[in-house]
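# Commentary on secondary and tertiary structure
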Amino acid sequence: MSLINSTLLFGMILAVLPVILHFAMRAKPKRVEFPALRLLKARQPSNARRMRLRQWLLLMLRILMIAILVLTLARPSLPAANYSLRWWEWLGAVFSVAAAIALYWWLGRKAGTRSTGSVEQTDRRQRQRVLCLLGGVAAAVLVAGVPWGLRVQAELLSPRAEGAEDIPVAAIFLVDTSLSMKYQHENKTRLEQAATVAREQIGRFPVNSRAAVSGLGQEEDFIFQADLAGAASRLDALEVTAVPRRINQQLKAAIEMQIEDRRQTQEQAGTGGSSDLYAREIYVLSDFSKAAWQTPDESGIADLLAQLDWLQIYFIDVSVQQPINASITGLTLSEETAVAGRDLLLTMSITSTAGLPQISTIETNIINEAGVETRVGAPVVVKLDGNASQVQATVKVPANQPVLEGTVRLTAADPLQEDNVRYFSCGVQPTPKVLLISDRIEESRYLRNALQPEDLELAGVRLCNCRTVVTASAGDQNLSEYDAVFLVNASRPDASLWNALQKYAEDGGGVFLVAGSSRIQPLAWSGPEAKALLPASPLTIVRFLKEPAELQLSNGSHGLVRHFEKDETLRVELAACAFDRCWAVEADPAATVLMRFSGPANRPALLERRIGRGRCMLFTSAMDNMTDGGSEWNNLSNSWSFLVLAEKLLQEMTGASDFRRNFAAGQVIDLPVPAALRFEQFLLRRPGLRQTRGSLPPEQSAVLIDDADEAGHYLVRPFESPSSFIAGFCVNDPDAETDLTRVPDDQLLAIAGPDRATVLHDPSELQRAVRAGRLGVEVFPVLLGLLLILFSAEHLMANFFYDEVQKKPAAA
């Protein structure tokens, strides 16, 4: 036990005053004239014993009252432990008291049946009362006191060294610097509020204390400042980061820092064991948002703290109890690279909490090369009803710039504006040139109409420049002039055609083959020239006799498959297509199966194989609806999902889907560079038109950027090179970083282990909690209550003595 005002213990000398007063002011027996002398003599021994007992009780009460008063003013504290009674301990104490009262009532009722009013019976009732009282107290001690004592003793087996308020402190302040800390309340962000709380606590530290301050940045470390003023100024330099480390990782680093500093301090002071020159504490100031923590903890903090009883940890909540916020999450583009003149579809989710205006709008803006925003289309009205809703917007892809850059903005005003804006980038490519080869022109017409609808072509909208030739004249074509080549139901391609297609693919082209005809000769598709290109070789036609087969997605990591997986309507429409026959194939070991047919064998439907810098894809059923052809194989071309599939296949063939342009902060940016457009150095335009320089090593085929942590648009251009390469991309803050969902207290305490940390939701309670951590649990309120009880008991007991003698009234 430690004392805040230990010098006041000299007041214990005053406890002898009641003893002096007791002997100096002993009450003299009163003379009472009473005729019944026999009855008075009979009660004299009993009254004498009762008077002596009351005198001793009064003396003890007065001594205790003075002693408790002195202790109360000295403000003692006990080592940190849970001194409160648990519910089962309270239950045991109440049961013991109730049992004693019930026993006394039963004995009294039993004696009442033969009551005689004699002195012996009165003495017997008094002895029963005392015995029941002592028995109830003993039972309460056994039932509740002993378990309480054992529990508290277990908590105090390895107590930390008792401290005092003037012992220097070595403290580490770990401040949450995730994006959610930019939430504003009463014109202060949560980061500013955390800095204020930390600065006030630093101001309370004793002389010669030390402090270190750190945020959650990837490169931030803990360094004890030269003085407390330096630590306070370090708080002003903290900034939020879009890619923070988890608090668990930084907390473990802070604990390890305290361990190392304690070891160095002991070595310099020549001490060891449990001695230390500082009281050591760690303060974690956060809004307790879930994204900032790792739950459950995997860093082993609880195991580390189990041996460090000298270290105190405080989790301080600086959040707003009922935050309000609306945000844009999950922004996706229909395609990362689009053809000029087409519509780009933007899909996003709007999430909100209660307390916001019911109606808001989403604005879509396009940014030109000068950085000027221009709003396009009409604002989209959204409801902010506390639930998530999906919103879509369309943007016409312009033809006058290589990269389309834009933003979507939620106009609602809320305390956290960082998640009200999202950026998007889309590559713009010229109208692709496609060569379609088939034995009969009619067989490739369905694919051609899917790639370039006739009605749009008549309206002057050119999505794709398609040229259709028969297989016999395919050798006359210069394949390098085309962005993609489609070979549809060619029955007997010769070796020269296979070789030309293979070279075209190796040079970076895309080849798509359709095997959906009974005229295909498997031997012509199984030669060495064909096997060097094909993902699989046709073997025989398989019919689905029991029931038609369906298309099933097989490889979720592939971009084409992922597009169908995330759109449930499209996936259901594709699965509704019925397939009656397909080619059984022998897949190449290097091929990847993207789709399969349902059925016992799960036969491959769509396969892909990388060939050099290009690729080759094979579909093992028909893609037409001819009476003597595809209509006997499936009804795929009758479904609108066929149009989407053809569009995505073209993107795969032209390589447009390989170029990703939308990233989250913290991700590594990978921008493929074609061999013909290589360069050595490049300029990277960052948000705010700030530029940095980078290099492309000879062994790399892509530009790698690992420091794009700021939300906004980026643009890569070659520096001092004739290359025409240009690549734009954008970075958005991770959606989870602005999620204000809080971590429950029990999960926070589980990170540090049982009874190893204190969670404070009101920063004003920090000083009291720190004092309890350093000095133990202060018992001032308990002693003050006990003092009032003793004072009342002393006053009640004193009424049995020193009563004023009532004077007789004067004669009339």
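Up top is the structure these notes are about.
Summarised in this report is the structure supplied together with it. Keep in mind it's a predicted model, so treat the numbers as computed, not measured. (Residues numbered from 1 in each chain as written. Predicted model: local features only at pLDDT ≥ 70, side-chain atom pairs only at ≥ 80, totals over all residues. Heavy atoms only, no water.)

## Digging into the overall build of the chain
Each helix and strand counted, the chain has 18 helices and 35 strands in total. Out of the 812 residues in the chain, the part that is buried amounts to 45%. Considering only contacts within the chain whose residues lie at least 6 apart along the sequence, 75% involve residues at least 24 apart. As presented, the chain carries roughly 41,600 Å² of accessible surface, and 56% of it is formed by carbon and sulfur atoms. (Helix = DSSP H or I, 4+ residues; strand = E, 2+ residues; numbered from the N terminus. Buried < 20%, exposed > 50% of the residue type's maximum accessible area, 1.4 Å probe, protein only. Contact = heavy atoms within 4.5 Å. Areas by Shrake-Rupley, 256 points an atom, 1.4 Å probe, with all protein chains shown as cover.)

## Overview of the sheet that holds strand 7 (residues 279-286)
What the five strands build is an open sheet, ordered 6-3-7-8-34; its pairing is parallel. Across the chains shown, the open sheet's two edge strands, defined by having one partner strand only, are strand 6 (210-214) and strand 34 (758-760). Recorded for the sheet is a direction-independent mean angle of 15 degrees between the axes of neighbouring strands. Here helix 6 (residues 228-236) sits on the sheet in contact with strand 3 (169-175) and strand 6, set at roughly 15 degrees to strand 6. (Pairing = 2+ DSSP bridges. Axes fitted to C-alpha atoms, helices over the stretch in contact; angles between N-to-C directions.)

## Notes on the pairing of strand 33 (residues 727-732)
Most of strand 33 sits out of view: six of its six residues are buried. Neither face of strand 33 is exposed, since A727, F729 and V731 on one face and G728, C730 and N732 on the opposite face are all buried. The pairing of strand 27 (residues 662-664) with strand 33 spans three bridges and is classified as parallel. Bridge pairing links F663 to V731 in strand 33.

## Overview of the pairing of strand 29 (residues 681-686)
Sheet topology places strand 29 next to strand 30 (residues 690-695); six bridges connect them, and they run antiparallel. What sits directly across from F682, in strand 30, is G694. What sits between the antiparallel neighbours strand 29 and strand 30 is a turn of three residues, in which G688 has the positive phi angle 80 degrees. Of the strand pairs in this sheet, strand 29 and strand 32 (residues 712-718) are connected by four bridges, and their pairing is antiparallel. Paired with R685 across the bridge in strand 32 is L715.

## Here's the deal with the sheet that holds strand 13 (residues 373-383)
The mixed open sheet is built from five strands, whose spatial order is 10-16-15-12-13. The open sheet terminates on both sides in strands that have one partner only, identified here as strand 10 (337-339) and strand 13. For this sheet the average axis-to-axis angle between neighbouring strands, irrespective of direction, equals 30 degrees. Sheet analysis places strand 12 (residues 359-367) next to strand 15 (residues 403-410), joined by six bridges and oriented antiparallel. When the sheet's bridge partners are listed, I366 is paired in strand 15 with G406.

## Observations regarding the packing of helix 9 (residues 441-451) against helix 15 (residues 641-654)
Where helix 9 meets helix 15, the closest approach of the two axes is 9 Å, and the angle between their N-to-C directions is 80 degrees. Taken together, the axes of helix 9 and helix 15 lie roughly perpendicular to each other. Judged by residue contacts, Y446, L447, A450 and L451 of helix 9 engage F642, L643, A646 and L650 from helix 15. Classifying every residue of the contact of helix 9 with helix 15 by side-chain character gives eight nonpolar, no polar and no charged. (Parallel < 35°, antiparallel > 145°, perpendicular 65-115°, else oblique. Nonpolar A, V, L, I, M, F, W, Y, C, P; charged D, E, K, R; others polar.)

## Considering the nonpolar core
Judged by nonpolar contacts, the single largest core of 41 residues is most densely connected at L447, F486, F512, M595, L606, M623 and L636. It is helix 15 that provides the largest number of residues to this core, a total of seven residues. Beyond its immediate sequence surroundings of up to four residues, F486 is in contact with V434, L435, L436, I437, L447, L451, F512, L650 and M653. The next biggest cluster of nonpolar side chains, apart from the first, holds 33 residues, and it includes L501, L533, A536 and V585. (Core = buried A, V, L, I, M, F, W, Y, C linked by side-chain atoms within 4.5 Å.)

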